[in-house]
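Coordinates in review
Residues per chain are reported as follows:
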Amino acid sequence: MLKELTQQLSGNRWIMAAVLFASVVTGMAIAGSINAFSPVPYWDMWGGTLGFYIAHGDGHPGIWWSQHNEHRIVLSRVLFWLDYEFFGGIGLFLMIMNYVIIALAVLTFYFFARQYLATDSALTARQTNTHKTSLIFTALITAWLYQWMQEENLIWAFQSQFFLAQLMPLIALYLLSSAAGNDRASNIRFAAACLTGVACAGTMANGIIALPLLTVYALVTRHSMLRILVLATVSALVLFSYFNNYVSPGYHGSISQALLEQPLELALYVLLYLGSPFFVLAGKGPVGLTIAPIATGIMALMTITALLQGLKNARQNALALALIFYIIYLAGTALGTGGGRLTFGVYQAVSERYTTPALMAWAALFLLYLPSVLNLKNLYRNIAGVLVLIVLLLIVWRQTAALTPRDQMVFERAVAGLALELVVHDTEQISNIYVMSEGLLRTAEVASQQNLSIFGIYPWQDLKERMGQVVSIGSLPACLGNLDIVGEVDDTNYLVLEGWLYSAEHRSPPQLISVTNAAGEIAGFALTGKPRPDVSDAVAEQAYLSGFRGYVHRDAMGEPATLIADRLNCRLTIDIPVIGGVAE
């Protein structure tokens, strides 16, 4: 298969162009994720990944099935466990898995396309090379699914469930659509579809509708009564298990409440949700908010038309109906999300994270109508080609946002992690990674004791234990740098320091800075990484990330102190003023 694929790529310029386009778009997404990577747990990760791993280690097996908001994220917890058990718990493995899961979705669409196009009688009659067409479609859908508009999901190590919740039902429907026979292979595919449907419930809350939809799909496509009964029974068991001891999040609404009290707002929410890719491609703002509902209306009309056509010969149109049922699943996802999240406002529907299911819905619709587009007469096919080209150009244009530097964001999160390691109650800084709370502080304390996540790697590891240690600086050469600001934080025991530090000898800023008092004792730490274009212009290009922020014990006020560049062996003597403000 690999040899055949290589020959196809080298022998067809359209395939090569599509692959090149996909590579550029995907490459920019990967570059963006690299730029934005931070090992510091972010938001839900403190309880959802780190807290989960601690609870699991403390002997609480029920944590696997416990709720996370309204979800039971069992499959993602498997990945969380793997990340902490084998990859240090820094989230890099999880971020990579986000890309892997999208790749699996692309592969599933390829299998769909290859079979769907090969069975189209009109394309066969015209002797269309459906395999080449499938490869071109797959390349373009790769670019579509790796769009940076879903940045929040791509760079957040916690979001694997968002991708899994869209992937697993797609796989389940594909398996069921290819299990029409009564032979052993079909029975195996049916069993796999059932298991995949069960797994859907362990992705996110919307996954619970996968099995009921599979049951209806089996009924519509005339599977045996035994299979329908099996699917219905499994659906009932999964629903019972999911809602047994279920607790509704108090700050969320419900579909019934939204339908009764805000039906028009709920409808607009769904329209915006499914049209969110075109909201972003149109540049957001008023134009995007106008185009998104129109796009969803077109999707609905096309899906209903295809459904009515497919039902005329459901058995023969099993693949088309599988794609239609997948779109219905994602429409149900939008409706369910709107019911729970409408309390946060209608325009929450165009949040970055919700573009992922919307992109998948449009990918299914594109494939559903691909044979119809290929069978158009030349004029209409050319018009369709122009529309596709416009969309592709918009994708590349919007994808360039992935190349925007994220140094400031990474720096803020790193310093927030430093505050937690040193147990400095700096509410404003810590809010970059989570809401300051006793639960967060307790989780960080336990993680620090066990050297988990960032608390087990440089530069955060064991910094709290090093406080008070005497450091012999001997005749260390001088660093270049300056203390710019000394300020106060919520914690009355500490001051915050800001400035810049750079080793001319090593042509690099240090990553970690130790702050020693007049007695040579470590009184605090700081981290570099803050962009300082002014220093870069005045000193050296390599000093761009020499800006630092950190904390020093208040007892060091009014005394000379020393900033020691860790691992670069240079120092800078400073004076810490008695009160906060600009240092003299």
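Look above for the structure.
Here goes a summary of the coordinates provided. A quick note: this is a predicted structure, and the numbers were derived from the prediction, not measured.

When its secondary structure is counted, the protein chain shows 24 helices and eight strands. Its C-alpha atoms put the protein chain at 85 × 55 × 50 Å along the principal axes. Residues counted as buried form 52% of the 584 residues belonging to the protein chain. Counted over contacts in the protein chain with a minimum sequence separation of 6, partners at least 24 positions apart contribute 73%. A total accessible area of about 25,800 Å² is found for the protein chain, and carbon and sulfur atoms account for 63% of it. Looking at charge distribution, the protein chain has the averaged site of its 31 positive side-chain charges lying 22 Å from that of its 37 negative ones.

Turning our eyes to something else, we now look at the nonpolar core. One finds Phe109, Trp144, Leu145, Tyr326, Leu367 and Leu368 to be the most contacted residues of the largest nonpolar core, which totals 122 residues. Tallying contributions element by element places helix α5 (residues 92–118) first for this core, with 14 residues. Once residues within four sequence positions are removed from consideration, Leu368 is found in contact with Tyr116, Ala306, Ala320, Leu323, Ile324 and Ile327. Ranked by size, the runner-up nonpolar core spans 35 residues in total, among them Ile54, Ile433, Val446 and Leu527.

On to the pairing of strand β1 (residues 480–488), then. Two strands pair when backbone bridges link them, and β1 and strand β2 (residues 494–502) are joined in this way by eight bridges, in the antiparallel orientation. Bridge pairing in β2 places Gly481 opposite Leu501. Taken together, β1 and the strand that follows it, β2, pair antiparallel across an intervening segment of five residues.

Turning next to unusual backbone geometry. Residue Pro459 is reached from Tyr458 by a cis peptide bond, and omega for that bond is 10°. Tracing the backbone through its elements, the reader meets Pro459 in the loop between α22 (438–449) and α23 (463–466). Even without glycine at this site, Ser453 takes up a positive phi of about 55°. With respect to the secondary-structure elements, Ser453 resides in the loop between α22 and α23. A positive phi angle is found at Arg507, which is not glycine, with a value near 55°. By secondary structure assignment, the location of Arg507 is in the loop between β2 and β3 (512–516). Judged by its relative accessible area of 60%, Arg507 falls in the exposed class.

This part is about a nonpolar patch on the surface. Nonpolar side chains collect at one region of the surface, where Val373, Leu376, Leu379, Tyr380, Ile383, Val386, Leu387 and Ile390 lie side by side and expose about 730 Å² of accessible area between them. Among the elements that make up the nonpolar patch, the one with the highest residue count is helix α19 (residues 378–399) (six residues). In this structure, Ile390 sits in helix α19. Looking at Ile390, the relative accessible area reads 43%, which means it is partly exposed.

Turning next to helix α17 (residues 318–341). Compared with an ideal rise of 1.5 Å per residue, which puts 24 residues at 34 Å, α17 spans 34 Å between its outermost C-alpha atoms and is within 8% of the ideal. Counting buried residues in α17 gives 19 out of 24 residues, a clear majority hidden from the surface.

This brings us to the side chain of Gln159. Inspection of the secondary structure assignment puts Gln159 in the loop between α8 (151–155) and α9 (160–177). A distance of 2.8 Å separates the side chain of Gln159 from the side chain of Asn153, its partner in a polar contact. Residues in contact with Gln159, not counting those within four places in the same chain, are Asn98, Glu152, Asn153 and Arg353.

Attention shifts here to the environment of Met302. Within the secondary structure, Met302 is located in helix α16 (residues 285–310). Owing to a relative accessible area of 25%, Met302 belongs among the partly exposed residues under this scheme. When the C-alpha positions of Met302 and Ala55 are compared, they lie 48 Å apart, and in sequence the two are 247 residues distant.

Of note, Ile327 is situated in helix α17. It is 10.0 Å that separates the C-alpha atoms of Ile327 and Leu274, two residues lying 53 residues apart in sequence.

With that settled, consider the pattern of salt bridges. This structure, assessed with the given rule, holds 10 salt bridges. Across the pair Glu498 and Lys530 runs a salt bridge, and its minimum N-O distance is 3.3 Å. In this pair, Glu498 is assigned in strand β2 and Lys530 in strand β4 (residues 522–530), connecting sequence segments 32 residues apart. Residue Glu498 is classed as buried on the basis of its relative accessible area of 18%.

With respect to the element layout, Ser178 can be found in the loop between α9 and α10 (184–200). A relative accessible area of 14% places Ser178 in the buried class. The contact partners of Ser178, leaving out residues within four places of it in the chain, are Ser186 and Arg189.

Cut-off values and rules
- Residues numbered from 1 in each chain as written.
- Predicted model: local features only at pLDDT ≥ 70, side-chain atom pairs only at ≥ 80, totals over all residues.
- Heavy atoms only, no water.
- Helix = DSSP H or I, 4+ residues; strand = E, 2+ residues; numbered from the N terminus.
- Buried < 20%, exposed > 50% of the residue type's maximum accessible area, 1.4 Å probe, protein only.
- Contact = heavy atoms within 4.5 Å.
- Areas by Shrake-Rupley, 256 points an atom, 1.4 Å probe, with all protein chains shown as cover.
- Lys, Arg positive; Asp, Glu negative; His and termini not counted.
- Charge placed at Lys NZ, Arg CZ, Asp CG, Glu CD.
- Core = buried A, V, L, I, M, F, W, Y, C linked by side-chain atoms within 4.5 Å.
- Pairing = 2+ DSSP bridges.
- Patch = residues over 30% accessible without salt bridge, like charges linked within 9 Å, V, L, I, M, F, W, Y side chains within 5 Å.
- Salt bridge = Lys/Arg side-chain N within 4 Å of Asp/Glu carboxyl O.
- Expected span 1.5 Å × (residues − 1).
- Polar contact = N/O pair within 3.5 Å; in protein donor to acceptor, adjacent residues only side chain to side chain.

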